[in-house]
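# Structure at a glance
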Amino acid sequence: RLQSNVPPDATPVDRAHVLNVLARAETYLGLTDPAGAHASEALALATQNADRIGQAEADLNMALNSINRGRLDEMVNAVQNSVAALEGVDRPDLWGEALLRNTAMYRRFEQMDESVAVAVRAMELARRSNNHLALAYAHQGLAAHLGVVLTRLRNPETLVVDDGEALEMHLAIIYDQTQDA
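In this report, the structure presented in the accompanying data block is examined.

To continue, consider unusual backbone geometry. Even without a glycine there, the phi angle at A50 is positive, about 55°. Note that A50 resides in the loop between α2 (32-48) and α3 (52-68). Of note in this structure, E110 is not a glycine but carries a positive phi near 60°. As for its placement among the helices and strands, E110 is situated in the loop between α5 (92-108) and α6 (112-129).

So, about the packing of helix α1 (residues 12-28) against α2. Running from N to C, α1 and α2 cross one another at 160°; their axes reach a closest spacing of 8 Å. Relative to α2, α1 is oriented roughly antiparallel. The hand of the α1/α2 crossing is left-handed. Contacts from P12, R15, A16, L19, N20, L22, A23, E26 and T27 in α1 reach P34, A35, H38, A39, E41, A42, L45 and A46 in α2.

Turning our eyes to something else, we now look at the side chain of S82. Its place among the elements puts S82 in helix α4 (residues 72-86). If sequence neighbours within four positions are ignored, S82 has contacts with A56, D59, L60 and A98.

Okay, the pattern of salt bridges next. In total, this model carries 5 salt bridges according to the counting rule given. One salt bridge in this structure joins R24 and E97, with 2.9 Å as the shortest N-O distance. With R24 in helix α1 and E97 in helix α5, this pair connects stretches of sequence that are 73 residues apart. Across the pair, E97 and R24 agree in class, each one buried. E74 serves as the salt-bridge partner of R71, at 3.7 Å between the closest nitrogen and oxygen. Assessed through its relative accessible area of 35%, R71 is described here as partly exposed. For E74, a relative accessible area of 34% translates into the label partly exposed. The network of salt bridges with shared partners includes R24, E97 and R101.

What counts and how
One numbering rule holds for all chains: residues counted from 1, following each sequence as written. In view of the model being predicted, local features appear only for residues whose pLDDT reaches at least 70, and side-chain atom pairs are presented and counted only at 80 or more, with totals across whole chains, interfaces and linings using the full set of residues. The basis for every side-chain value is the complete set of non-hydrogen atoms in the structure, without hydrogens or water. Only runs of H or I of at least four residues qualify as helices and only runs of E of at least two qualify as strands under DSSP, and these elements are numbered from the N terminus. Simply put, an axis is a line fit to the C-alpha atoms, just over the touching stretch for a helix, and the angle between two N-to-C directions goes from 0 to 180 degrees. Working rule for angles: under 35 degrees goes down as roughly parallel, over 145 as roughly antiparallel, 65 to 115 as roughly perpendicular, anything else as oblique. What makes a crossing left-handed is the near helix being turned counterclockwise from the far one by less than a right angle; a clockwise turn instead makes it right-handed. By definition, residues are in contact when any of their heavy atoms lie within 4.5 Å. The term salt bridge refers to a side-chain nitrogen of Lys or Arg lying within 4 Å of a carboxyl oxygen of Asp or Glu. Here the term buried applies to any residue with accessible area under 20% of the maximum for its type, exposed to any over 50%, and partly exposed to those in between, with areas from a 1.4 Å probe on protein chains only.

If you want it as structure tokens, here you go:
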């Protein structure tokens, strides 16, 4: 129904935006196949029209949807593409989400140093921009990483040699980042 309400003279950017909104709603409803199709359509339309915001939104939709579909290779590609599309774009809200997905990607693959570095970058961006949505995403990224760190520190049998020191360092970094927030 959303698509049928788009005026015939809508710009390609507006059409891509509608497709991205539809894909996000479908993703949240668990409708992975239509969400994937609409995100792909939005990405193609945005790419044809040099709409980098539309590209990033489509890639972020694809990243979320690929997690629901259990396709981590697609998630990695979409997350990386969303960050690339946003280079030079002043949209702290989209940057916040892209960096949150990036943090989660690194965490999924046990790349904790990279995960915490991206989470810190997201917090710095959020503070500079004073964008509330970016700040919420940054806190979510740090909180998720904090959960992993605390779980590992509480279960010493899961730690590998020198892992404990690295996790304690990550804990200190997270603590420092959240003190001024």
